[in-house]
Amino acid sequence: MPHFEKMLIIGCGNMGGAMLAGWLAAGESAARFTVLDPQLDAAPEGVELIRDASEAGSHDCVLLGFKPQQLGAIAPGIQSLTGPEVTVFSLLAGLDRATLRDAFPAAHAHVRVMPNLASRIGKSPVILCESGLTESEKPAALDVFGKLGTALWLDDERKFDIVTALAGSGPGFVYRFIDALASAAVSLGVEPDMADSLALATVEGSAALAAGADISPGELADRVASPGGMTREGLNILDADNALKNLLVETLRATADKGAELGRGAAKQP
Ligand SMILES: NC(=O)C1=CN([C@@H]2O[C@H](COP(=O)(O)OP(=O)(O)OC[C@H]3O[C@@H](n4cnc5c(N)ncnc54)[C@H](OP(=O)(O)O)[C@@H]3O)[C@@H](O)[C@H]2O)C=CC1
Ligand SMILES: O=C(O)[C@@H]1CCC=N1
């Protein structure tokens with residue numbers, strides 16, 4: 001029997017909505033999905049939208065898409081949806097597999113999933129860490145989430161918060177960088193509209209080139225810097241005392257620390 005044929009998405013806001021849009025854009029049938037979300041205005045065409053757990057039909061997996069801080073309040077009301085035939089996929093940042101097992105003890109398997117908002121356009125990394133899947137279900141899970149971009153297993157769960165910071169939160173940091181690049185140009189006299197559009201086009205083209213290149217981004221940076229030319233002077237500012245790298249180490253550390261804090265908060269809940 002095929003695995004993960006019918007998914008119930010519980011909480012379909014920014015992230016759940018981006019994933020659902022990504023699956024539909026990838027050609028998945030809308031009939032495979034039901035959304036449970038009390039306030040959501042509408043679900044995409046053909047996707048069933050229910051407001052209460054009591055309205056749910058059958059499904060073989062749920063995708064938890066509400067906030068980690070809501071686990072204690074929501075879990076008791078969805079026990080009946082997470083029985084022994086159902087795999088729990090969780091987007092809840094910071095919440096480990098043990099917490100998911102405690103919250104949904106009857107479920108068949110528990111899988112942490114960390115995508116990002118580029119799921120909407122099929123270009124998200126998706127990190128998975130499982131407990132309880134059978135050998136035939138593992139590739140099926142990779143296939144489902146691989147439709148949103150590039151899915152991969154992380155076996156060492158201790159690294160989940162840091163890869164969440166990198167790949168889940170990462171778009172936030174990249175958007176901030178694009179904004180800062182444009183804003184720096186504005187402060188040096190470039191018109192705001194032109195600065196915004198040049199900064200975005202530069203990051204888009206650079207990422208696409210790096211994705212298709214057979215050399216690393218570090219080497220590509222050196223290729224941009226013509227010997228004796230302009231770019232090296234700018235790179236020297238970013239590289240001095242590892243300024244940019246150190247800033248990003250702090251950025252990822254603070255982000256991952258918050259994941260651990262969210263995890264401890266959820267583990268304390270009754
Ligand atoms: N945003 C991102 O880029 C990423 C988010 N995540 C994870 O995804 C999850 C959701 O985050 P995000 O999408 O940003 O948050 P949102 O607030 O946009 O989405 C949460 C959704 O859950 C709904 N909800 C609230 N209460 C219930 C309930 N009782 N039953 C069902 N649904 C409910 C909310 O409705 P309402 O708005 O009406 O309260 C909302 O639609 C989090 O766990 C986060 O860690 C993971 C990776 C990236
Ligand atoms: O900010 C958050 O908590 C979520 C997790 C990763 C991205 N957004």
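As the structure is a prediction and not an experimental result, all values here were calculated from the model. (Residues numbered from 1 in each chain as written. Chains lettered and ligands numbered in written order. Predicted model: local features only at pLDDT ≥ 70, side-chain atom pairs only at ≥ 80, totals over all residues. Heavy atoms only, no water.)

1. Some remarks on the site of ligand 1
Okay, step 1: Not every one of the 22 residues close to ligand 1 is listed here, only the nearest: Asn 14, Met 15, Asp 37, Phe 66 and Lys 67.
Okay, step 2: Between ligand 1 and the protein, one listed contact pairs an oxygen atom with a backbone N or O atom of Phe 66 at 2.6 Å.
Okay, step 3: For the shell around ligand 1, a count of residues per class yields 14 nonpolar, six polar and two charged. (Near = heavy atom within 4 Å. Polar contact = N/O pair within 3.5 Å; in protein donor to acceptor, adjacent residues only side chain to side chain. Nonpolar A, V, L, I, M, F, W, Y, C, P; charged D, E, K, R; others polar.)

2. Points about helix H10 (residues 243-268)
Okay, step 1: Between its terminal C-alpha atoms H10 stretches 38 Å, which fits the 38 Å expected from 26 residues at 1.5 Å a residue.
Okay, step 2: For H10, the set of buried residues is Ala 256, Gly 259, Leu 262, Gly 263 and Ala 266.
Okay, step 3: Among the structural elements, helix H2 (71-74), helix H3 (97-103) and helix H5 (160-168) are those in contact with the buried residues of H10. (Helix = DSSP H or I, 4+ residues; strand = E, 2+ residues; numbered from the N terminus. Expected span 1.5 Å × (residues − 1). Buried < 20%, exposed > 50% of the residue type's maximum accessible area, 1.4 Å probe, protein only. Contact = heavy atoms within 4.5 Å.)

3. Details of the site of ligand 2
Okay, step 1: The full set of residues close to ligand 2 is Ala 93, Thr 164, Gly 168 and Ser 169.
Okay, step 2: When the free accessible area of ligand 2 is taken as 240 Å², the share hidden by the protein chains comes to 46%. (Areas by Shrake-Rupley, 256 points an atom, 1.4 Å probe, with all protein chains shown as cover.)

4. Overview of the nonpolar core
Okay, step 1: Residues Trp 23 and Phe 145 are the most contacted members of the largest nonpolar core, which totals 29 residues.
Okay, step 2: Elements that contribute at least two residues to this core include exactly strand S1 (7-10), helix H1 (14-25), strand S2 (33-36), strand S4 (61-64), strand S6 (109-114), strand S7 (124-131) and helix H4 (137-146).
Okay, step 3: Beyond its immediate stretch of four places on either side in the chain, Trp 23 contacts Met 7, Ile 9, Glu 28, Phe 33, Leu 63, Val 144, Phe 145, Lys 147 and Leu 148. (Core = buried A, V, L, I, M, F, W, Y, C linked by side-chain atoms within 4.5 Å.)

5. Describing the packing of aromatic side chains
Centre distance and the angle of the planes are the two values used to describe a pair of aromatic rings.
Okay, step 1: Under the defined criterion, the tally for this structure stands at four aromatic pairs.
Okay, step 2: Ring plane angle 75° and centroid distance 5.1 Å describe the contact between Phe 4 and Phe 89, whose orientation is recorded as edge-to-face. Of this pair, Phe 4 sits in the segment before S1 while Phe 89 sits in strand S5 (residues 87-90); the two residues are 85 residues apart in sequence, bridging distant segments of the chain. The two residues Phe 4 and Phe 89 agree in class, both being buried.
Okay, step 3: Members of the aromatic cluster, joined through ring pairs, are Phe 4, Trp 23, Phe 33, Phe 89 and Phe 145. (Phe/Tyr/Trp six-rings, centres within 6.5 Å; stacked < 30°, edge-to-face > 60°.)

6. Details of the pairing of S4
Okay, step 1: On S4, burial covers both faces: Cys 61 and Leu 63 on one face and Val 62 and Leu 64 on the other are all buried.
Okay, step 2: By the bridge criterion, four bridges tie S4 to S5 in an arrangement that is parallel. The partner of Leu 63 across the bridge, within S5, is Phe 89. (Pairing = 2+ DSSP bridges.)

7. Remarks on the domain arrangement of the protein
Okay, step 1: Under the domain assignment used here, the protein contains domain 1 (7-160) and domain 2 (170-259).
Okay, step 2: Each of domain 1 and domain 2 has a C-alpha centre, and these two points are 33 Å apart. (Domains from an automatic or database assignment.)

8. Remarks on the pairing of S5
Okay, step 1: Residues Thr 87 and Phe 89 point to one face of S5 and Val 88 and Ser 90 to the other, with burial holding for every one of them.
Okay, step 2: Sheet topology places S5 next to S6; four bridges connect them, and they run parallel. Counterpart to Val 88 in the pairing with S6 is His 110.
Okay, step 3: In this region the chain leaves S5, passes through H3 and returns to the parallel neighbour S6; the handedness of that crossover is right-handed. (Right-handed = clockwise from strand over helix to strand, strands pointing away.)

9. Considering the packing of helix H6 (residues 170-187) against helix H7 (residues 192-212)
Okay, step 1: Following both chains from N to C, one finds H6 and H7 inclined at 140°, their axes separated by 8 Å at the closest point. As the angle between them shows, H6 and H7 are arranged oblique. For the pair H6 and H7, the crossing hand works out as right-handed. On H7, the residues that touch Val 174, Phe 177, Ile 178, Leu 181, Ala 182, Ala 185 and Val 186 of H6 are Pro 192, Ala 195, Asp 196, Ala 199, Leu 200 and Val 203.
Okay, step 2: For the contact of H6 with H7, a count of residues per class yields twelve nonpolar, no polar and one charged. (Axes fitted to C-alpha atoms, helices over the stretch in contact; angles between N-to-C directions. Parallel < 35°, antiparallel > 145°, perpendicular 65-115°, else oblique. Left-handed = near helix turned anticlockwise from the far one by under 90°.)

10. Some details on unusual backbone geometry
Okay, step 1: The residue Phe 4 is not glycine, and still its phi comes out positive at about 55°.
Okay, step 2: By relative accessible area, which is 4% here, Phe 4 ends up buried.
Okay, step 3: For Asn 242, which is not a glycine, the phi torsion comes out positive at approximately 55°.
Okay, step 4: One can find Asn 242 in the loop between helix H9 (231-239) and H10.
Okay, step 5: We classify Asn 242 as partly exposed; its relative accessible area is 42%.

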